[in-house]
Amino acid sequence: MKSNIPTVVKPTLKQRIIALFKLNNTPHEIALGIAVGVFIAITPLYGFHTIMVVVAAFFIKRVNKFAILLGTNVSTTLTFPFITWAGYNIGRFIFGKSYPPLYWDTFKHFNYKQLLHLYFPLFIGSIVLGIILAVVVYFITRWLIIARKKLNPDGKKEGRMSIVNRLRKKHA
């Protein structure tokens, strides 16, 4: 027996990014949203990222709310260890390496006390890393959106090859 309930098709990440570029927000609003999302994703406030996205979307008025959420996707299970390692080591650098380096062996007998001891350099280092990455991502995203809008100012759907051909003509 076939159900009459419609199925919901989730858009892919690529479709979400394309939809983001087609929004009528300014390049600044979209880039700021993605940068805020990246900053939130880098912070080691695990379990609070969703709350932070909602709070940021509420308090930052001139920002694309969807872009904030999209920016948090920088922190995945694949990137999480590298982000944590980088944040911790930046924190160690700031505090003069008075904290031990992280090795895989560190986690064999890891306990709550060690977590509290290592969390401070992780937190400070992640804030610094988050600010740096947010600024870099802001300018790259803004530049990409402006370039995309210059290539396709009227917002009509164009194939990838027509954009490439237009770039070739422009630089020929």
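Fair warning: this is a prediction, and the values are worked out from it, not measured in the lab. (Residues numbered from 1 in each chain as written. Predicted model: local features only at pLDDT ≥ 70, side-chain atom pairs only at ≥ 80, totals over all residues. Heavy atoms only, no water.)

> Would you mind going over a nonpolar patch on the surface with me for this structure?
Taken together, the side chains of F48, I51, V55, F58 and F59 define a hydrophobic patch exposed on the protein surface, amounting to about 560 Å² of accessible area. Position of F48 among the secondary structure elements: in the loop between α2 (27-42) and α3 (49-59). A residue is classified by how much of its surface remains accessible, and F48, at 48% relative accessible area, is partly exposed. (Patch = residues over 30% accessible without salt bridge, like charges linked within 9 Å, V, L, I, M, F, W, Y side chains within 5 Å. Areas by Shrake-Rupley, 256 points an atom, 1.4 Å probe, with all protein chains shown as cover. Salt bridge = Lys/Arg side-chain N within 4 Å of Asp/Glu carboxyl O. Helix = DSSP H or I, 4+ residues; strand = E, 2+ residues; numbered from the N terminus. Buried < 20%, exposed > 50% of the residue type's maximum accessible area, 1.4 Å probe, protein only.)

> Honestly, α2 in this entry has me stumped. Any pointers?
Look at α2: 23 Å from first C-alpha to last across 16 residues, which is about the 22 Å you get at 1.5 Å a residue. Within α2, 13 of the 16 residues are buried, which leaves the element mostly enclosed by the surrounding structure. (Expected span 1.5 Å × (residues − 1).)

> Which parts of the structure should I look at to understand the packing of aromatic side chains?
Aromatic ring pairs are defined here through the distance separating the ring centres and the angle between the ring planes. Counted by the stated rule, this structure contains six aromatic pairs. Residues Y46 and F80 carry aromatic rings whose centres are separated by 5.4 Å and whose planes lie at 75° to one another, so their mutual orientation is edge-to-face. Of the two residues, Y46 sits in the loop between α2 and α3 while F80 sits in helix α5 (residues 80-94), which places them 34 residues apart along the sequence. Of the residues examined, Y46 reaches a relative accessible area of 40% and is grouped as partly exposed. Judged by its relative accessible area of 37%, F80 falls in the partly exposed class. Ring geometry for F58 against F59: centres 5.1 Å apart, planes inclined by 85°, an arrangement best described as edge-to-face. The exposure class of F58 is exposed, given its relative accessible area of 55%. For F59, a relative accessible area of 59% translates into the label exposed. Taken together through their ring pairs, the aromatic side chains of F95, Y99 and F120 make up a single cluster. Stacked on the ring of F58, the Lys or Arg K61 has its end atom at 5.0 Å from the ring centre. (Phe/Tyr/Trp six-rings, centres within 6.5 Å; stacked < 30°, edge-to-face > 60°. Lys NZ or Arg CZ within 6 Å of the ring centre and 35° of its normal.)

> Would you mind going over the confidence of the model for the protein with me for this structure?
As a general rule, the predicted coordinates of low-pLDDT regions are not to be interpreted in detail. Residues at a pLDDT of 70 or more form 77% of the protein, whose mean pLDDT is 82. Mean pLDDT across the secondary structure elements of the protein bottoms out at helix α7 (residues 160-171), with 62, and peaks at α2, with 94. (pLDDT = per-residue confidence, 0-100.)

> What am I meant to see in the side chain of R92 here?
Note that R92 resides in helix α5. If we skip the residues at most four places from it in the chain, R92 touches K97, Y99, P100, P101 and P121. (Contact = heavy atoms within 4.5 Å.)

> Please clarify how the pattern of salt bridges should be interpreted in this entry.
It is possible for side chains bearing opposite charge to pair when their charged atoms get close. Within this structure, the stated rule accounts for one salt bridge. In this structure, R62 engages E29 in a salt bridge whose closest nitrogen and oxygen atoms are separated by 2.8 Å. Within this pair, whereas R62 is found in the loop between α3 and α4 (65-71), its partner E29 is found in helix α2, the two being separated by 33 residues in sequence. On the basis of relative accessible area, E29 is assigned to the buried category, the value being 7%.

> Explain the packing of α2 against α3 here, please?
Packed helices, taken two at a time, are described by the angle their axes make and the gap between the axes. Contact geometry of α2 with α3 gives a least axis separation of 10 Å together with a crossing angle of 150°. Overall, the two elements α2 and α3 adopt an arrangement that is roughly antiparallel. As α2 runs across α3, the sense of the crossing is right-handed. In this structure, α2 contributes V36, I40 and A41 to the contact, and α3 contributes H49, M52, V53 and A56. Taken together, the residues that form the contact of α2 with α3 break down as six nonpolar, one polar and no charged. (Axes fitted to C-alpha atoms, helices over the stretch in contact; angles between N-to-C directions. Parallel < 35°, antiparallel > 145°, perpendicular 65-115°, else oblique. Left-handed = near helix turned anticlockwise from the far one by under 90°. Nonpolar A, V, L, I, M, F, W, Y, C, P; charged D, E, K, R; others polar.)

> Looking at this structure, how should I read the environment of V135?
Among the secondary structure elements, V135 is positioned in helix α6 (residues 112-151). With a relative accessible area of 43%, V135 lands in the partly exposed category. Considering only alpha carbons, one finds V135 and A35, 100 residues apart in sequence, at a separation of 6.7 Å.

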